[in-house]
Amino acid sequence: MSSLFPALSPGQSPARADGPGDRVALRFGPRTLTYGDLAAAAGALAARLQGHGRVAVWATPELETAVAVTGALLAGVPAVPLNPKSGEKELAHILSDSAPSLVLAAPGAELPAAFSGLERMDVDVSGTGTAPDVPVCDGDPALIVYTSGTTGPPKGAVIPRRALASTLDALADAWQWTDADVLVHGLPLFHVHGLVLGVLGPLRRGGSVRHLGRFTTEGVARELNSGATMLFGVPTMYHRIAEALPDDPELAKALAGARLLVSGSAALPVHDHERIAAATGRRVVERYGMTETLMNTSVRADGEARAGTVGLPLPGVGLRLVEEDGTEIAGYDGESVGEIQVRGPNLFTEYLNRPDATAAAFTADGWFRTGDMAVRESDGYVRIVGRKATDLIKSGGYKIGAGEIENALLEHPGVREAAVTGEPDADLGERIVAWIVPADPGLPPSDEELADHVARRLAPHKRPRVVRRLDALPRNDMGKIMKRALVADA
Ligand code: MCA
Ligand code: AMP
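Since the model is a prediction, treat every value here as computed from it, not as a measurement.

A.B. asks: Lay out the overall build of the chain with the relevant residues and their values.
C.D. replies: A count of helical and extended segments in the chain gives 13 helices and 25 strands. Taken over C-alpha atoms, the radius of gyration comes to 22 Å for the chain, in line with the 23 Å a tight globule of 490 residues would show. Across its three principal axes, the chain shows a C-alpha extent of roughly 70 × 55 × 50 Å. Taken across its 490 residues, the chain has 56% of its residues classed as buried.

A.B. asks: Outline unusual backbone geometry, listing residues and values.
C.D. replies: One non-glycine residue with positive phi stands out, namely alanine 99, at about 45 degrees. Looking at where alanine 99 falls in the secondary structure, it is placed in the loop between helix 3 (88-98) and strand 5 (102-105). Even without glycine at this site, serine 265 takes up a positive phi of about 90 degrees.

A.B. asks: So what's going on with the packing of aromatic side chains? Residues and values would help.
C.D. replies: In total, this model carries nine aromatic pairs according to the counting rule given. Seen in terms of ring centroids, tryptophan 58 and phenylalanine 115 are 5.3 Å apart; in terms of plane orientation they differ by 85 degrees. Their pairing is edge-to-face. On the criterion of sequence distance, the pair formed by tryptophan 58 in strand 3 (residues 55-58) and phenylalanine 115 in the loop between strand 5 and strand 6 (119-122) is long-range, its members being 57 residues apart. Judged by its relative accessible area of 5%, phenylalanine 115 is buried. Taking the centre distance of 5.8 Å and the plane angle of 35 degrees together, the rings of tryptophan 175 and tryptophan 177 count as tilted. Across the pair, exposure class does not vary: tryptophan 175 and tryptophan 177 are buried alike. Members of the aromatic cluster, each reached through a chain of ring pairs, are Phe348, Tyr351, Phe362 and Phe368. Note that arginine 306 overlies the ring of tyrosine 381, its terminal NZ or CZ placed 4.3 Å from the centroid.

A.B. asks: Describe the environment of glycine 213, listing the residues and the values that go with them.
C.D. replies: Examined against the element boundaries, glycine 213 turns out to sit in the loop between strand 10 (208-211) and helix 6 (217-224). Between the alpha carbons of glycine 213 and leucine 224 there is a distance of 16 Å; along the sequence they are 11 residues apart.

A.B. asks: Any details on the sheet that holds strand 9 (residues 182-185)? Residues and values, ideally.
C.D. replies: Strand order in this open sheet of nine strands is 2-1-10-9-11-12-13-14-15, and the pairing throughout is mixed. Among the strands making up the open sheet, the edge pair consists of strand 2 (31-34) and strand 15 (312-313). In this sheet, strand 10 lies alongside strand 9 in parallel orientation, the contact comprising four bridges. Considered in strand 10, the bridge of valine 182 is made with serine 208. Along the sheet, helix 1 (residues 35-49) makes contact with strand 1 (24-28) and strand 2, crossing strand 2 at roughly 85 degrees. Sitting on the sheet, helix 5 (residues 192-205) is in contact with strand 1, strand 9, strand 10, strand 11 (230-233), strand 13 (285-290) and strand 14 (294-298), with an inclination near 160 degrees to strand 9.

A.B. asks: Describe in detail the site of ligand 2, supporting the description with residues and values.
C.D. replies: Close contacts around ligand 2 come from 15 residues, with Arg287, Thr291, Asp372, Lys394 and Lys399 the closest. The separation between a nitrogen atom of ligand 2 and a polar main-chain atom of serine 265 is 3.1 Å. When ligand 2 sits alone it has 500 Å² of accessible area, and the protein chains cover 91% of it. Looking at which element gives the most residues to the shell around ligand 2, the answer is strand 13, with five residues. Of the residues assigned to the shell around ligand 2, the class counts are six nonpolar, four polar and five charged.

A.B. asks: An account of the pairing of strand 20 (residues 382-387) is needed here, citing residue identities and associated values.
C.D. replies: The sheet contact formed by strand 19 (residues 368-376) and strand 20 spans five bridges and is antiparallel. Residue methionine 373 lies in a different strand from strand 20, and its bridge partner there is glycine 386.

A.B. asks: Let's hear about the side chain of glutamate 64: which residues, and what values?
C.D. replies: Here glutamate 64 lies in helix 2 (residues 63-75). When its relative accessible area of 7% is taken as the criterion, glutamate 64 is described as buried. Separated by 2.9 Å, the side chains of glutamate 64 and arginine 31 make a polar contact. Setting aside its immediate chain neighbours within four residues, glutamate 64 contacts Arg31, Ala106, Pro107, Val123 and Val125.

A.B. asks: Explain the pairing of strand 5 to me, and be specific about the residues and the numbers.
C.D. replies: What you see with strand 5 is no split at all: Leu102 and Leu104 on one side and Val103 and Ala105 on the other are buried throughout. Bridge count between strand 5 and strand 6: four bridges; the pairing is parallel. Across the sheet, residue leucine 102 finds its bridge partner in strand 6, namely glutamate 119.

A.B. asks: Would you mind going over the nonpolar core in detail, with residue names and values included?
C.D. replies: Across soluble globular proteins, you tend to see nonpolar side chains buried next to one another. Counting 129 residues, the largest nonpolar core has Leu26, Leu143 and Trp175 as the members making the most contacts within it. By residue number, the principal contributor to this core is helix 4 (residues 161-175), which donates nine residues. Not counting chain neighbours up to four residues away, the residues in contact with tryptophan 175 comprise Leu197, Met230, Phe232, Arg259, Leu260, Val262, Val285, Arg287, Ser298, Val299 and Ala301. With 16 residues, the next largest nonpolar core counts Leu91, Ile94, Phe115 and Ile144 among its residues.

Definitions and cut-offs
Residues numbered from 1 in each chain as written. Chains lettered and ligands numbered in written order. Predicted model: local features only at pLDDT ≥ 70, side-chain atom pairs only at ≥ 80, totals over all residues. Heavy atoms only, no water. Helix = DSSP H or I, 4+ residues; strand = E, 2+ residues; numbered from the N terminus. Rg over C-alpha atoms; globule rule 2.2 N^0.38 Å. Buried < 20%, exposed > 50% of the residue type's maximum accessible area, 1.4 Å probe, protein only. Phe/Tyr/Trp six-rings, centres within 6.5 Å; stacked < 30°, edge-to-face > 60°. Lys NZ or Arg CZ within 6 Å of the ring centre and 35° of its normal. Pairing = 2+ DSSP bridges. Contact = heavy atoms within 4.5 Å. Axes fitted to C-alpha atoms, helices over the stretch in contact; angles between N-to-C directions. Near = heavy atom within 4 Å. Polar contact = N/O pair within 3.5 Å; in protein donor to acceptor, adjacent residues only side chain to side chain. Areas by Shrake-Rupley, 256 points an atom, 1.4 Å probe, with all protein chains shown as cover. Nonpolar A, V, L, I, M, F, W, Y, C, P; charged D, E, K, R; others polar. Core = buried A, V, L, I, M, F, W, Y, C linked by side-chain atoms within 4.5 Å.

This is how it looks when you write it as structure tokens:
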């Protein structure tokens, strides 16, 4: 197949007056790499990675992560991005499930004990070398990204090279995304949004990305006011922007001057969309995706950004709404709710080591079941109205399985029973609520202790923000916890 990154191939860089190799590809704080630098550093790394099966990447929000993943892709070696804040249980699971042959990390990065025994390779962003000419097929695995389900530990979605290429090219078409674009974002680099769209996207276009290290409204304003053209964020980030806008004229000016503001990973509340539009004259464009499918729909740059809608299926993506009994909903009536099912070159190939889960994720005729419920408006726009599984929580744009947190809570000696739900939160979309029955009612574990316990075992973003203590959990005749009763009583 053709190269994932034409701008990194010798002699094929986009023809621009400023010389292709001298153009800035990546900027993380004060550190930058031009396309020439990146070709040399990722090329050198790719040469060192030859012959490796699968490599883990300690995905800190730094240049090294971008070089590591680019180098692995140039070498045809699948990369497994890891959350550098993953707790011991989560990390142990991902490492044993994905069985990487080494871990790539920034020099000086401290790796937890879970890595002992695994070879470490430091990423040298000033390395010089040439990527080997390796034969790759478009169905070859490019990334393995771990994603939570309702129960059990996260599953590794195997994302092929063709999915990266097709989703990024479809977005280029929808967003008129070119090598002239300079993207700003502060998203984490161990998920599809920040890594695939936010780093590999600009590199595939031959444009640039400025990563903020961590999201702040000040950083967004500074970059959009000094040459950046696009912003990517999760709704929590746009909520914080909407909150800051009334007192921040620099931020309002920055957003007003941007070419494109894009939100995804969760629903952008209509209130935040409208507040941003009123303060800046700009409407945020929503796109809808999933780790397993990359991007499915988007509002186009030249289309109408209607609050609460995620636009039209992207080029190449087949999308249908299906009723509970499998009947397809043909009409675009804005009312009939069905599950979104998709197919196309943007899809993952399998869950690593989980043929059962892979089979269950697809219909007999090959469509992927997203679990998201939607309607289609008269012009075909998709409006997402909910999710099939109440045990999946979207908090800060992260998908979090209730079962995973319940299992972690039950491992705490002070917890006898546990149930986890999500409840509406203006900032996070949903916040994680832990309902627990203490082992000793006279000495219940504190909120902080349980939050720390989950953060240490799984990840900080999976920690409960609220803990409620009960004498017993409501159960039906079969002994199953009735979560709806919990939420109703709150
Ligand atoms: C707090 N912290 C703790 C604890 N309490 N650490 C350990 N133990 C504790 N008990 C730390 C956190 O680690 C963090 O550290 C800091 O306190 C703040 O944490 P938190 O409140 O959770 O974060 P926040 O500031 O509220 O973060 C909001 C956020 C974040 C920036 C919007 O949620 C975020 O980055 N979301 C992006 C999610 C995303 O990219 N999803 C894409 C997946 P420190 O201060 O050091 O950070 S979905 C996807 O990819 C699909 C394809 C799609 O459609 O996009
Ligand atoms: P993840 O599995 O973490 O990749 O998250 C994918 C899920 O995020 C989807 O199944 C949707 O539920 C949700 N999602 C992503 N983008 C949007 C959006 N623009 N609006 C509503 N939900 C979204």
